[in-house]
Amino acid sequence: MRIGELAQKSGFTTSKIRFYERIGLLKAVDRRSNGYRTYSSQAVTILGLITTAQRAGFTLDEIRALLPSDLTRWDHATLMDALTRKIADIEALQARLTQSRVHLLRLIEDIQARPDDMDCAANAHRVLTNMLAEHPEALDVTSDDIRLLDATDRRQSVSSGRRKKTASR
């Protein structure tokens, strides 16, 4: 079949099919004397496998390493190893995402726990101080890298912010 027919059957654009061919994912291609590409019926299956693998989190390089040029010649051990590793990668990502979610929820809670008599700048100072005290290893900075606002700096920043708003009206 020609590229237009393959695009129609697979749902891929012709440019994406050419791209997959150029990077070595789609190898079931023959060239006729007139320059037209012809694809075997296996090409539709290969494009489907590429899509499925990408949805599972595999990179194009990983897919290229796993995908045989002939679908009847799968390396079972390599495939099973890659699938097992991908599951481990996904589980590690899930753990990191869970940890990030918990951290963000704690941060939101800490920000919302602002005392009524505290302005936003002082609250930001309080929250940052708490974060640094609880998890100093999480930040790859020194105390010199972080300049926390003192009372004078807060008043100046609030005053200059008000002047800017008034001037822009």
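Residues numbered from 1 in each chain as written. Predicted model: local features only at pLDDT ≥ 70, side-chain atom pairs only at ≥ 80, totals over all residues. Heavy atoms only, no water.

Peer 1: Describe in detail the nonpolar core, supporting the description with residues and values.
Peer 2: Formed by 21 residues in total, the largest nonpolar core has its most connected members in Ile17, Leu26, Tyr39, Leu47 and Ile50. When contributions to this core are tallied by element, the ones reaching two or more residues are helix H1 (3–10), helix H2 (14–22), helix H3 (42–55) and helix H4 (60–66). Considering each element in turn, this core owes the most residues, five residues, to H3. (Core = buried A, V, L, I, M, F, W, Y, C linked by side-chain atoms within 4.5 Å. Buried < 20%, exposed > 50% of the residue type's maximum accessible area, 1.4 Å probe, protein only. Helix = DSSP H or I, 4+ residues; strand = E, 2+ residues; numbered from the N terminus.)

Peer 1: Can you lay out the packing of helix H5 (residues 76–112) against helix H6 (residues 120–134) for me, pointing to particular residues and giving the numbers?
Peer 2: For the pair H5 and H6, the least separation of the axes is 9 Å and the interaxial angle reads 140°. Judged by the inter-axis angle, H5 sits oblique to H6. The chirality of how H5 crosses H6 is right-handed. Contact residues: Leu107, Asp110 and Ile111 in H5; Asn123, Arg126, Val127, Asn130 and Met131 in H6. Here the contact of H5 with H6 is composed, by residue class, of four nonpolar, two polar and two charged. (Axes fitted to C-alpha atoms, helices over the stretch in contact; angles between N-to-C directions. Parallel < 35°, antiparallel > 145°, perpendicular 65-115°, else oblique. Left-handed = near helix turned anticlockwise from the far one by under 90°. Contact = heavy atoms within 4.5 Å. Nonpolar A, V, L, I, M, F, W, Y, C, P; charged D, E, K, R; others polar.)

Peer 1: Give me the pattern of salt bridges: which residues, what numbers.
Peer 2: A complete count under the given rule lists six salt bridges for this structure. For Glu5, the salt bridge identified is with Lys9, shortest N-O distance 3.3 Å. Pair noted here: Glu5 and Lys9 are both in helix H1, with a separation of four residues, about one helical turn. With relative accessibility at 36%, the residue Glu5 sits in the partly exposed group. Here Asp110 and Arg126 are joined by a salt bridge, their closest N and O atoms 2.8 Å apart. With Asp110 in helix H5 and Arg126 in helix H6, the pair connects residues that are 16 residues apart, well separated along the chain. One exposure class covers both Asp110 and Arg126, and it is buried. (Salt bridge = Lys/Arg side-chain N within 4 Å of Asp/Glu carboxyl O.)

Peer 1: Mind laying out H2, listing which residues take part and the relevant values?
Peer 2: Within H2 the residues assigned to the buried category are Ile17, Tyr20 and Glu21. Burial along H2 is one-sided: seen end-on, the buried residues are contained in an arc of 100°. A positive phi of about 90° marks Gly24, the residue just after H2. (Arc of directions from axis to C-beta.)

Peer 1: Describe the environment of Asp61, naming the residues involved and giving the relevant values.
Peer 2: Locating Asp61 in the fold gives a position in helix H4. Among the polar contacts made by the side chain of Asp61, one reaches the side chain of Arg64 at a distance of 2.6 Å. (Polar contact = N/O pair within 3.5 Å; in protein donor to acceptor, adjacent residues only side chain to side chain.)

Peer 1: I'd like to hear about the packing of aromatic side chains, residue by residue, with values.
Peer 2: Each aromatic ring pair is described using two quantities: the centre-to-centre distance and the angle formed by the ring planes. Using the criterion set out here, one finds two aromatic pairs in the structure. Between Phe12 and Tyr20 the ring centres are 5.9 Å apart and the planes differ by 70°, which places this aromatic pair in the edge-to-face class. Like Tyr20, Phe12 is buried. Here the aromatic rings of Phe19 and Tyr20 are separated by 5.7 Å at their centres, their planes lie at 45°, and the arrangement is tilted. For Tyr20, a relative accessible area of 1% corresponds to the buried category. Among the aromatic residues, those joined into a cluster by ring pairs are Phe12, Phe19 and Tyr20. Stacked on the ring of Tyr36, the Lys or Arg Arg2 has its end atom at 4.3 Å from the ring centre. Looking at Lys86, its charged tip hangs above the ring of Phe58, at a distance of 5.0 Å from the centre. (Phe/Tyr/Trp six-rings, centres within 6.5 Å; stacked < 30°, edge-to-face > 60°. Lys NZ or Arg CZ within 6 Å of the ring centre and 35° of its normal.)

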